[in-house]
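Inside the fold
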Amino acid sequence: MNTSNYIIRNAVPLEFEKIGQLLIQVYSQLEGFPKENEQPNYYKMLANIGDFTKHPETELLVAVDEKNTILGAVVYFNDMQYYGSGGIATQEQNSAGFRLLGVDNNARGKGIGKLLTQECIKKTSENNRKQLIIHSTLSMKTAWKMYENIGFKRSEDLDFMQGELAVFGFRLPVIS
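Structure report, in brief. (Residues numbered from 1 in each chain as written. Predicted model: local features only at pLDDT ≥ 70, side-chain atom pairs only at ≥ 80, totals over all residues. Heavy atoms only, no water.)

**Topic: the overall build of the protein**
Looking only at helices and strands, the protein has 4 helices and 8 strands in total. The order of α-helices and β-strands along the protein, N terminus first, is β-α-α-β-β-β-α-β-α-β-β-β. Relative to the globule expectation of 16 Å for 176 residues, the C-alpha radius of gyration of the protein, 15 Å, shows essentially globular dimensions. Within the span of the protein, comprising 176 residues, buried residues form 52% of the whole. Counting contacts in the protein only where the partners sit at least 6 residues apart, residues at least 24 apart contribute 64% of the total. Summing over all exposed atoms, the protein offers an accessible surface of approximately 9,000 Å²; the carbon and sulfur share of this is 49%. (Helix = DSSP H or I, 4+ residues; strand = E, 2+ residues; numbered from the N terminus. Rg over C-alpha atoms; globule rule 2.2 N^0.38 Å. Buried < 20%, exposed > 50% of the residue type's maximum accessible area, 1.4 Å probe, protein only. Contact = heavy atoms within 4.5 Å. Areas by Shrake-Rupley, 256 points an atom, 1.4 Å probe, with all protein chains shown as cover.)

Take a look at the structure:
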């Protein structure tokens, strides 16, 4: 796997719509994940992914190749009050989080998700946060393995239900 051909950077507003479309495609194809007709507000949030950047200390990161093709994206929150999930995660102090990581089907298996995750870990450390918080679902078991290999640990206190969908919390202690 050669990840040196990819760049992780902040998305620009002209890319927001394309990133939203990518995330809708990724999430709608997950086996067992709610479809748009089941959770329309979730998919509306994905379509308007750039809106997260209106919050302080919130970044929409993209992975691009040498042709500037968007291969994946994630939203990084340096302040958990803007994280926008259910459960108690938004109350976590001195913590960062990321949500809505997605990688284009054609770019899977190339380390893009891991690069985006590592950039979030780096930002968490640079911002002197004590931990990085994420959530996942059973439909995302492939990502779970990656997160656990990086060092994330399940945190049942962060679990919640999104409608009928069980959402599972993870924490990674970060050394600044």
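**Here's the deal with the side chain of glutamate 119**
In this structure, glutamate 119 sits in helix H3 (residues 112–126). Within the buried set, glutamate 119 has no salt-bridge partner at all; the shortest N-O distance to an opposite charge, 4.1 Å, is to lysine 123. (Lys, Arg positive; Asp, Glu negative; His and termini not counted. Salt bridge = Lys/Arg side-chain N within 4 Å of Asp/Glu carboxyl O.)

**Focus on the packing of aromatic side chains**
In this structure the tally under the stated criterion is 11 aromatic pairs. Ring geometry for tyrosine 42 versus tyrosine 43: centroids 6.0 Å apart, planes at 75°, classification edge-to-face. Comparing tyrosine 42 with tyrosine 43, the two get one shared label, buried. An aromatic cluster is present here, built from Tyr27, Phe33, Tyr42 and Tyr43 joined pairwise through their rings. Seen from the ring of tyrosine 83, arginine 99 lies directly overhead, with NZ or CZ sitting 5.7 Å from the centre. Its guanidinium or amino end placed over the ring of phenylalanine 170, arginine 154 lies 5.6 Å from that ring's centre, counting from NZ or CZ. (Phe/Tyr/Trp six-rings, centres within 6.5 Å; stacked < 30°, edge-to-face > 60°. Lys NZ or Arg CZ within 6 Å of the ring centre and 35° of its normal.)

**Examining the environment of glycine 111**
With respect to the secondary-structure elements, glycine 111 resides in the loop between strand S4 (95–103) and H3. Put simply, glycine 111 and histidine 135 are 24 residues apart on the chain and 19 Å apart in space, counted from C-alpha to C-alpha.

**Quick look at the nonpolar core**
Counting 32 residues, the largest nonpolar core has Ile19, Tyr27, Phe33, Tyr42, Ile49, Leu60 and Leu100 as its most contacted members. Here the element with the most residues in this core is helix H1 (residues 16–28); it accounts for 6 residues. (Core = buried A, V, L, I, M, F, W, Y, C linked by side-chain atoms within 4.5 Å.)

**With respect to the side chain of glutamine 131**
Within the secondary structure, glutamine 131 sits in strand S5 (residues 131–136). Of the residues examined, glutamine 131 reaches a relative accessible area of 8% and is grouped as buried. A polar atom in the side chain of glutamine 131 sits 3.1 Å from the side chain of arginine 171. Among all residues touching glutamine 131, those that are not within four sequence positions of it are Glu92, Asn94, Ser95, Ala96, Thr124, Arg171, Leu172, Pro173 and Val174. (Polar contact = N/O pair within 3.5 Å; in protein donor to acceptor, adjacent residues only side chain to side chain.)

**A closer look at the packing of H3 against helix H4 (residues 141–150)**
For the pair H3 and H4, the least separation of the axes is 11 Å and the interaxial angle reads 45°. By the criterion of interaxial angle, the relationship of H3 to H4 is oblique. The way H3 lies across H4 gives a crossing that is right-handed. In contact with Gly113, Lys114, Thr117 and Ile121 of H3, H4 contributes Met146, Tyr147 and Ile150. (Axes fitted to C-alpha atoms, helices over the stretch in contact; angles between N-to-C directions. Parallel < 35°, antiparallel > 145°, perpendicular 65-115°, else oblique. Left-handed = near helix turned anticlockwise from the far one by under 90°.)

**Considering unusual backbone geometry**
In the Ramachandran plot, glutamate 57 falls in the positive-phi region, its phi being about 60° despite a non-glycine side chain. With relative accessibility at 41%, the residue glutamate 57 sits in the partly exposed group. Here the phi dihedral of asparagine 68 falls at roughly 65°; this positive angle occurs in a residue that is not glycine. Inspection of the secondary structure puts asparagine 68 in the loop between strand S2 (58–64) and strand S3 (70–77).

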